[in-house]
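Architecture at a glance
Chain by chain, the residues:
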Amino acid sequence: PRLLSQFYFADERVTRVVAEINGLDAELDPQQYLVLLNQLHLSQAQLLAILEQIMEECIPTQRHSRDYLVKFPEELLVDNLGNHMLFAAECLLAGTFLEVEEADGAQLRPKARNLLCSLELVRTVLREQSLNQPSSYPEPVRAVLVQFDRLFAEFELSYVSSLVAVKSPEEIYRQQEIIVLFCETVERALHLGYLTQEMIDGYEPLLMFTIPRLAIISGLLIYPEGPLSLEQSPEQMSRVFSPFYNLLKKIRDLLRVLSAEELCLLEKSLCTAE
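Residues numbered from 1 in each chain as written. Predicted model: local features only at pLDDT ≥ 70, side-chain atom pairs only at ≥ 80, totals over all residues. Heavy atoms only, no water.

1. Notes on the packing of helix H2 (residues 30-58) against helix H5 (residues 139-163)
Helix-helix packing is characterised by the crossing angle of the two axes and by the distance between the axes. For the pair H2 and H5, interaxial distance at closest approach is 11 Å and the crossing angle is 120 degrees. Taken as axis vectors, H2 and H5 run oblique relative to one another. Of the two possible hands of crossing, H2 and H5 adopt the one that is left-handed. On H5, the residues that touch Leu-48, Leu-51, Ile-54, Met-55 and Cys-58 of H2 are Arg-142, Leu-145, Phe-148 and Asp-149. Split into classes, the residues belonging to the contact of H2 with H5 amount to 7 nonpolar, no polar and 2 charged. (Axes fitted to C-alpha atoms, helices over the stretch in contact; angles between N-to-C directions. Helix = DSSP H or I, 4+ residues; strand = E, 2+ residues; numbered from the N terminus. Parallel < 35°, antiparallel > 145°, perpendicular 65-115°, else oblique. Left-handed = near helix turned anticlockwise from the far one by under 90°. Contact = heavy atoms within 4.5 Å. Nonpolar A, V, L, I, M, F, W, Y, C, P; charged D, E, K, R; others polar.)

Right, here's the structure in full:
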């Protein structure tokens, strides 16, 4: 049950697979090479997962900030992101630029080298500790983990930034405004009886369509100074809505001519129409 013991055996698996890959001629047996490569990725993922648990147990208050993750596109925030970063570092160190431009790769190589050297040091130190005192983390072990955690975070941010345009602080703020708009829309819809708490608690599928529709009306009429404000230019709006700037103007103009009764009827129909 001890994490250091788990790390020892996970590290053994990685070492064994690497040795098998190094002893294999990939050109003579490409299928077996792919099998071993897949095993390596799986064993490395398990090793990183245990290492993450160790850091949470050993240096919980000294972890490097991961606030930058909110800047990443949502499709990148997957469970195996850490393993992907490790694979990317190994490719960069080998001179292979799979996803980044060669100029970016050249700038990233020193960080990749530092990260992989730090990981090797962590593996060595934790293996020794698991054999000597698997229930404690002396200061030298903590220092090595802190350094690895920092280098990993720095490489992750730099690498992803070279792949995609990370969200700016302004875009993050705009998304937070949209969240607030949706929350206020739901509160208003509950108050007016358009929705029921039971529908929300039961994750009624229709809400996936109803709430965004009501939020557009709320953003254009009820909270006109919010994220759907058309007094700003499309460039100042969130990328969620900016492509529909002209359409939103037409919708707002149509909504303005409705009476209170007609608006209520429209909103009720949006809660039932598919």
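2. Some thoughts on the domain arrangement of the protein chain
How big an interface is tends to be stated in terms of the accessible area lost upon association of its parts. Partitioning the protein chain into structural domains gives domain 1 (3-163) and domain 2 (169-272). Here the C-alpha centre of domain 2 lies 43 Å away from the C-alpha centre of domain 1. (Domains from an automatic or database assignment.)

3. Brief notes about the packing of H2 against helix H4 (residues 102-132)
The contact between H2 and H4 brings their axes to 13 Å, and the two run at 70 degrees. Judged by the angle between their axes, H2 and H4 are roughly perpendicular. Taken together, the residues of H4 that come into contact with H2 (itself represented by Leu-47, Leu-51 and Ile-54) are Leu-119, Val-122, Arg-123 and Leu-126. Looking at the contact of H2 with H4 residue by residue, the class counts come to 6 nonpolar, no polar and 1 charged.

4. With respect to the pattern of salt bridges
Within the structure shown, the criterion is met by 12 salt bridges. Between Arg-123 and Asp-11 there is a salt bridge; the shortest N-O distance is 2.4 Å. You can see Arg-123 sitting in helix H4 and its partner Asp-11 sitting in helix H1 (residues 3-22), a full 112 residues away along the chain. For the pair shown, Arg-123 and Asp-11 are each scored as buried. Asp-253 serves as the salt-bridge partner of Arg-252, at 3.7 Å between the closest nitrogen and oxygen. (Salt bridge = Lys/Arg side-chain N within 4 Å of Asp/Glu carboxyl O. Buried < 20%, exposed > 50% of the residue type's maximum accessible area, 1.4 Å probe, protein only.)

5. So, the packing of aromatic side chains
Scanning the model with the defined rule gives 3 aromatic pairs in all. When the ring of Tyr-8 is compared with that of Phe-9, the centres are 5.4 Å apart and the planes differ by 90 degrees; the resulting orientation is edge-to-face. (Phe/Tyr/Trp six-rings, centres within 6.5 Å; stacked < 30°, edge-to-face > 60°.)

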